[in-house]
Amino acid sequence: MSELATLVARRLCHDLAGPAGAIATVVELMGEGATDPELQSLLADSSAALLATLRLHRFVLGGGDASDYRACLRAWVATREGVELHWTGDQQHAPAAAALLLGLAMIAAEAAPGAATLTVADTGVTVDAARLSFDPQIAAALAGAPAATPKGSLAALLSHAAAGQGRRVIADSTPTRLKLTLA
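No experiment lies behind these values; they were computed from the predicted model shown.

Calculation rules
In this convention, every chain numbers its residues from 1, walking through the sequence in written order. Predicted model: local features are reported for residues with pLDDT of at least 70 only, side-chain atom pairs are reported and counted for 80 or more only, and whole-chain, interface and lining totals are derived from all residues. Note that water and hydrogens are dropped before the side-chain values are worked out from all heavy atoms of the structure. Secondary structure elements follow DSSP: runs of H or I no shorter than four residues count as helices, runs of E no shorter than two count as strands, and numbering proceeds from the N terminus. Relative accessibility decides the category of a residue: with a 1.4 Å probe and only protein chains considered, values under 20% of the type maximum give buried, values over 50% give exposed, and everything between is partly exposed. Note on contacts: a residue pair qualifies if any of its non-hydrogen atoms lie within 4.5 Å across the two residues. Nitrogen and oxygen atoms within 3.5 Å of one another constitute a polar contact, given that in protein one can donate a hydrogen and the other can accept it, and given that sequence-neighbouring residues count only through two side-chain atoms. Classification of ring pairs uses Phe, Tyr and Trp, with its six-membered ring standing for Trp, and accepts pairs whose centres are within 6.5 Å; under 30 degrees between planes counts as stacked, over 60 as edge-to-face, and the remaining range as tilted. Should DSSP find at least two bridges between two strands, the strands are regarded as paired.

Participant: Can you help me understand the environment of L180 in this one?
Facilitator: Tracing the sequence through the fold places L180 in strand β5 (residues 177-182). On the accessibility criterion, L180 (0% relative accessible area) is buried. Here the alpha-carbon distance between L180 and A148, two residues 32 residues apart in the chain, equals 20 Å. Once residues lying within four places of it in the same chain are set aside, the contact partners of L180 are L104, I107, A108, T123, G124, V125, F134, L142, V169, I170 and A171.

Written as structure tokens, this is what we have:
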């Protein structure tokens, strides 16, 4: 399990490094007297992305407030340019089930490198886009294989979480649609 923990830590560092680096750069430039409105916008956007990513990871990894999981995902999706979020079904889930759905939503959204429609349903997540890039190692980790990469670490954790709920994740992918179903 320590190898998986290392991969999860590396993924978190990767996901948080971009917005944190942008914030640090803007703060440095502002400290040198720069007051460009674009810098202020970059600071606001990067701060929002950092907080949304941190909150979503915290929720998916088991530490978030279950009453606010939809807002948590909405905030994260809002930081992903061109991604539109839709909810279907009841959407009243226990914390563990909600965390599983949000983790699958992260994986699905990350498979769409541009504009996409992300749909979260009671039984899983679908993303539609002009082009998808779904890593076969992530598909394998969702099916229960050990994680081989930091990106695959989330998939491995979700596979384990699904098994703990008596379920499994089924990934069905085409060049324009990825469906992650809980069975």
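So much for the structure itself; the text now carries on.
Participant: Explain the side chain of T53 here, please?
Facilitator: By the secondary structure assignment, T53 is in helix α2 (residues 37-60). There is a polar contact of 2.8 Å between the side chain of T53 and the backbone oxygen of A49. Once residues lying within four places of it in the same chain are set aside, the contact partners of T53 are D15, L16 and W76.

Participant: Please clarify how the packing of aromatic side chains should be interpreted in this entry.
Facilitator: What describes a pair of aromatic rings is the distance from one ring centre to the other and the angle between the planes of the rings. Using the criterion set out here, one finds two aromatic pairs in the structure. Ring geometry for F59 against Y69: centres 6.2 Å apart, planes inclined by 25 degrees, an arrangement best described as stacked. Taken together, the residues F59 in helix α2 and Y69 in helix α3 (residues 69-78) connect sequence positions ten residues apart. Taking the relative accessible area as the measure of exposure, F59 reaches 4% and is therefore buried. Taken together, a centroid distance of 6.4 Å and an interplanar angle of 75 degrees make the contact between Y69 and W87 edge-to-face. In this pair, Y69 sits in helix α3 while W87 sits in strand β1 (residues 83-87), placing the two residues 18 residues apart along the sequence. Take Y69: its relative accessible area is 5%, and that puts it in the buried class.

Participant: Teacher, can you tell me more about the pairing of strand β2 (residues 116-121) here?
Facilitator: As defined by bridge partners, β1 adjoins β2 across five bridges and the pair is classed as parallel. Looking across to β2, one finds that W87 is bridged to V120. Of the pairings in the sheet, the one linking β2 to strand β3 (residues 124-129) comprises six bridges and is antiparallel in character. Bridging across to β3, L118 finds its partner in V127. Counted along the chain from β2 to the antiparallel partner β3, the turn is two residues long.

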